[in-house]
Amino acid sequence: MECGTSKIVGCRFSLHPMAGDFISVIKGALEATDLTGVWKHTDDVSTVIRGQEQHVFNVIKAITLHAAKTGEHVAINATFSAGCPGDTAGDSYMDVDQEVHNHEETKQYVSSQFALYPMNNPDYMSVIYREVDRAKERGVFNDSMHYASGIHGDIHEVFDFYEETFGKSRSDEHRHLVMTMSMSINSPSHKGDHHA
């Protein structure tokens, strides 16, 4: 098996609304999102979506934003992956049109953390440092920390950064890439100027 041979991008995520009626927040976000560009499967722990890179990021952002629009404090944990040597072509929706389907423009402040794992790349730290510099250039870098980097700002700018970082890191010679993302929205700790 060889890294980087598959163009399929996958994301496994769990959405956590801090609300008594959390089921309706989760189901409502999924139902409000156009999923025609991706394959989706939900189990009792998480949901996985697979497809073209732009569709995967578009869908994850839309689901997150629809959950956030409820006003509830929500968190999402997601793992993006591409180029896994064990990936298969099934359930991938790679033949769909490239045009994304979700175009919600509502502004929303988010605070998040991400970690990048360029697999089988001896020079992995240079890839990570480059993407942290990209975050600083984009104005979304928040803080350095153990095992992650803090990213914050409007949800559209944050997801634009994540999608660009993922795509640029995949284009390197070693293309098996994993990226983790944790995001908090509408938290009581987000005060003052942070609100969009």
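Residues numbered from 1 in each chain as written. Predicted model: local features only at pLDDT ≥ 70, side-chain atom pairs only at ≥ 80, totals over all residues. Heavy atoms only, no water.

A. Expanded view of helix α4 (residues 155–170). Over its 16 residues, α4 extends 22 Å from the first C-alpha to the last, a length consistent with the 22 Å expected when each residue adds 1.5 Å. When we look at burial in α4, the residues that qualify are Ile 155, His 156, Val 158, Phe 159, Phe 161, Tyr 162, Thr 165, Phe 166, Ser 169 and Arg 170. (Helix = DSSP H or I, 4+ residues; strand = E, 2+ residues; numbered from the N terminus. Expected span 1.5 Å × (residues − 1). Buried < 20%, exposed > 50% of the residue type's maximum accessible area, 1.4 Å probe, protein only.)

B. Representation of the packing of helix α2 (residues 53–68) against α4 within the structure. It is the contact of α2 with α4, at a shortest axis distance of 11 Å, that shows an interaxial angle of 155 degrees. In terms of axis orientation, α2 runs roughly antiparallel to α4. In this structure, the crossing between α2 and α4 has a hand that is right-handed. From α2, Glu 53, Gln 54, Phe 57, Ile 60, Lys 61, Thr 64 and Leu 65 reach across to α4, where they touch Ile 155, His 156, Phe 159, Tyr 162, Glu 163, Phe 166, Gly 167 and Arg 170. The residue makeup of the contact of α2 with α4, split by class, is seven nonpolar, four polar and four charged. (Axes fitted to C-alpha atoms, helices over the stretch in contact; angles between N-to-C directions. Parallel < 35°, antiparallel > 145°, perpendicular 65-115°, else oblique. Left-handed = near helix turned anticlockwise from the far one by under 90°. Contact = heavy atoms within 4.5 Å. Nonpolar A, V, L, I, M, F, W, Y, C, P; charged D, E, K, R; others polar.)

C. View of the packing of helix α3 (residues 124–138) against α4. It is the contact of α3 with α4, at a shortest axis distance of 11 Å, that shows an interaxial angle of 150 degrees. As far as their axial angle goes, α4 and α3 are roughly antiparallel. When you trace α3 past α4, the crossing you get is right-handed. On α4, the residues that touch Val 127, Arg 130, Glu 131, Arg 134, Ala 135 and Arg 138 of α3 are Phe 161, Glu 164, Thr 165, Lys 168 and Ser 169. For the contact of α3 with α4, a count of residues per class yields three nonpolar, two polar and six charged.

Note that all results are geometric; they support no functional claim without further evidence.
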